[in-house]
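Residues per chain are reported as follows:
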Amino acid sequence: MKKIYILVFSFIISSLILSNQYTSLAKAEEVEGEFSLLTYNVAGLWDPVSSSNPDKNTILISPKLNNYDIVLVQEDFNYHSDLIEKVDHPYLSSHSGIMGFGDGLNRLSRFTFTDFKREDWNDCYGIFSHANDCLTPKGFSFARHEVSDGVFIDIYNLHADAGGSQEDKDVRKKNFKQVLSKIDQWSTGNAVIVTGDFNSKYKAEGEVRQFADAGFFDAWADIENGGVIPGIGESGDRIDKIIYRSGDFLQLSVNDYAVPNEDFLDSNGNQLSDHKPVSAIFQYHVSNIPQIGNFNMNKSIITNANELLDGQKVWKVETGGFEDYRQNINFKVEENPKNKAYTFSVWLRADDEHTITLRLRNKEKTEGGQQSFTVTTDWEKYKITAPFELDSESLSLFMYPAGFDFGNQGYVYASGVQLTENTQLLDSPNDFMKDYSSHWYKNTNVEKTIEPSPVAENTTVNKVTPIDVNDSIYQHTEVDPAGKTYTFGIWLKADQPHNSTIKIQNANYSESNSKSINVTTDWQYFEVIKEFTNPSDMVTVLLWPGKYNGTTDSVYAWGASLIEE
């Protein structure tokens, strides 16, 4: 069974261990999912001074909020009881007071939230003019929402100073600087969403652009503007915003963005507020390995590339110019890999086509895999898979941005790194010499030989030589494959390039898939996949070293795995 490693977010900070050699993290549980979020200035000032009609409209807004998992509202002053009258969210913030006493910032959530707090702006401008911002204690609120068991996202709700005078603009700059300072203080390493009435657009220099400069992304820009934040003087965005950043381990992306104004109209087709609602659907994925930006740098350099790939940050990974080192980035997972198979994958592209190397191995450097790939100018997912049979305290991931040779120089762009754990169904994945009754059946010669393996120099690997042209080595696994997909994978190399064959099949051979592969003098990982339909009592994997009905050429074999998807 496949399991994508995920991290209990509150456990991240206490578990993160930095050392000279690796960044490491303990084991976690699988979590990924999505939620919807709405931000809405409900214009809930006292009706005679409101530019809307909250005395009648607020009760109409109330049931419409139930379509969203998390709701952040602004100007929720005098009609709070109407606003929550028909909502079914189980978790609500307490009301801070009517106009002149409260900040108007409230939240409704289907997820529990903790550490809720409010903070007034340190600066405001205008008492009886310039949008009257100082007549009520505007500011921002904070809470940590648990969107799934042990998965936390910090959400800030703000209402910035309004008005178009230079004094208003200067105060807004201070407002945003204040909330960014608190994010640095309260949300270090955490995923963060900031939403609300910013009273600012990106065309204004030094205002809301501070968030983009701090690494935040905009839901509107992601979906409606090709992921591009407008430049100074450019327009297109609105003052009601949903902006966000991923955490060190929790990755946030936006699947949808909308201005659902048609859902917030009265019977005459009039808006229920002087603002339009803004919504987004977020997807989250939490991994036990961090984003590339938090990998350990061993004679290499990681910088933010200031772009996104499918909502995830892109990082530039380059060598550090050292001639006598295999320059890499790495990460260590404090997990016993025994009887499991792991896939380490990452999306890569380069400005110039060149070789990179991925490596996955245990602490003792006795099991794992390593493979080099040619990275092109197009985004592509690269991966290595390796089974583990022995006890170990940890496994480590490595990426060599210019290949494995000493002194190579170069760089790649990287995103979407992932470590996937699978249950290993084969016995003895690295030792083909064990008793055939419980492991490998063979009508081939198998000998152990000292040969550089995919994981280390001078290791013992299997040399498999057919006695006759149709001879194979194979293993049965007692499992009913009906309705499931299985992958047989194996690392192979040869003294001379030639074709071999790998195959996966059920017990009576009625369902199978085979693949002819070109085995070279370099270690390569090969796999064959089969989705089974019919019941059976076993799955069999086979290797013909010299190809089926081919030759008696031998291969070196290592790291065989059978994985149920």
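Each remark here, short or long, concerns the structure printed above.
Everything numeric here is computed off the predicted structure, so don't read it as measured data.

Basis of the calculations
Residues numbered from 1 in each chain as written. Predicted model: local features only at pLDDT ≥ 70, side-chain atom pairs only at ≥ 80, totals over all residues. Heavy atoms only, no water. Salt bridge = Lys/Arg side-chain N within 4 Å of Asp/Glu carboxyl O. Helix = DSSP H or I, 4+ residues; strand = E, 2+ residues; numbered from the N terminus. Buried < 20%, exposed > 50% of the residue type's maximum accessible area, 1.4 Å probe, protein only. Disulfide = S-S within 2.5 Å. Pairing = 2+ DSSP bridges. Contact = heavy atoms within 4.5 Å. Axes fitted to C-alpha atoms, helices over the stretch in contact; angles between N-to-C directions. 1 Å grid on protein atoms, 1.4 Å probe; cavity = no way out; pocket = protein on both sides within 12 Å on 5 of 7 lines; lining within 4 Å. Points joined across faces, edges and corners; volume = space filled by probe spheres on them. Nonpolar A, V, L, I, M, F, W, Y, C, P; charged D, E, K, R; others polar. Core = buried A, V, L, I, M, F, W, Y, C linked by side-chain atoms within 4.5 Å.

J.: I tried to follow the pattern of salt bridges on my own but got confused; where do I start?
T.: Between side chains of opposite charge, a pair can form as their charged atoms come close. This model, assessed by the stated rule, comprises 18 salt bridges. In this structure, R110 and D69 form a salt bridge, with 3.8 Å as the shortest nitrogen-oxygen distance. With R110 in the loop between β7 (106-109) and β8 (113-120) and D69 in the loop between α2 (54-61) and β5 (70-74), this pair connects stretches of sequence that are 41 residues apart. Note on R110: relative accessible area 27%, which makes it partly exposed. With its nearest N and O atoms 3.9 Å apart, the salt bridge here joins D495 to K463. Note that D495 is positioned in the loop between β30 (485-493) and β31 (498-506) and K463 in strand β28 (residues 459-466), a separation of 32 residues in sequence. Through salt bridges with shared partners, a single ionic network connects D69, D88 and R110.

J.: Is there a simple way to think about the state of the cysteines in this case?
T.: A covalent bond between the sulfur atoms of two cysteines is what we call a disulfide. What the rule picks out here adds up to 1 disulfide. Covalent S-S linkage joins C124 and C134, the inter-sulfur distance amounting to 2.1 Å. Every disulfide takes its handedness from the sign of the S-S torsion; for C124 and C134 that torsion is 120°, giving right-handed. Of the two residues, C124 sits in the loop between β8 and β9 (139-148) while C134 sits in the loop between β8 and β9, which places them 10 residues apart along the sequence. You can call C124 partly exposed: its relative accessible area is 39%.

J.: Looking at this model, I keep getting lost on the sheet that holds strand β29 (residues 473-477). Mind explaining?
T.: Sheet strands pair by backbone hydrogen bonding; their relative direction is either parallel or antiparallel. Across the sheet, 5 strands lie side by side as β26-β29-β34-β31-β32; this open sheet has antiparallel pairing. Every other strand in the sheet has two partners, leaving β26 (441-442) and β32 (512-519) as the edge strands with one partner each. Strand direction decides the pairing type here: β31 and strand β34 (residues 539-544), joined by 6 bridges, are antiparallel. Of the residues in β34, the one forming a bridge with T501 is W544.

J.: Before we go on, may I ask you to explain the environment of L358 in this structure?
T.: With respect to the helices and strands, the residue L358 is situated in strand β21 (residues 354-362). Assessed through its relative accessible area of 0%, L358 is described here as buried. Measuring from C-alpha to C-alpha, the distance between L358 and I384 comes to 7.0 Å, with 26 residues separating the pair along the chain. Those residues in contact with L358, other than ones at most four positions away along the chain, are F344, V346, G369, Q370, Q371, F373, Y382, K383, I384, F398 and M399.

J.: Teacher, can you tell me more about the sheet that holds strand β35 (residues 555-564) here?
T.: As summarised here, the arrangement of the 5 strands in space is β27-β28-β35-β30-β33, forming an open sheet in which the pairing is antiparallel. Either end of the sheet is taken by a strand with one partner, and the two such strands are β27 (444-451) and β33 (524-531). Averaged over all neighbouring strand pairs, the angle between strand axes comes to 35°, with direction disregarded. Taken together, the 8 bridges between β30 and β33 define a ladder with antiparallel strand orientation. Counterpart to I490 in the pairing with β33 is F526.

J.: Is there a simple way to explain the layout of surface pockets in this structure?
T.: Rolled over the atoms, a probe as big as a water molecule pinpoints where empty space is left. Volume-wise, the largest pocket comes out at about 590 Å³. Looking at the largest pocket, it is lined by 23 residues, and the ones nearest its centre are Q370, S372, F404, D522 and W523. Put simply, the parts of the chain that give the lining of the largest pocket at least two residues each are β21 and β22 (368-375). Looking at the lining of the largest pocket residue by residue, the classes come out as 7 nonpolar, 10 polar and 6 charged.

J.: Which parts of the structure should I look at to understand the nonpolar core?
T.: Looking at soluble globular proteins, one finds that nonpolar side chains tend to be buried together. Of all hydrophobic cores here, the largest spans 39 residues; its most connected members are I292, L348, L358, L360 and M399. In terms of nonpolar packing, the next biggest core, distinct from the first, is built from 27 residues, F111, L252, A280 and V286 among them.

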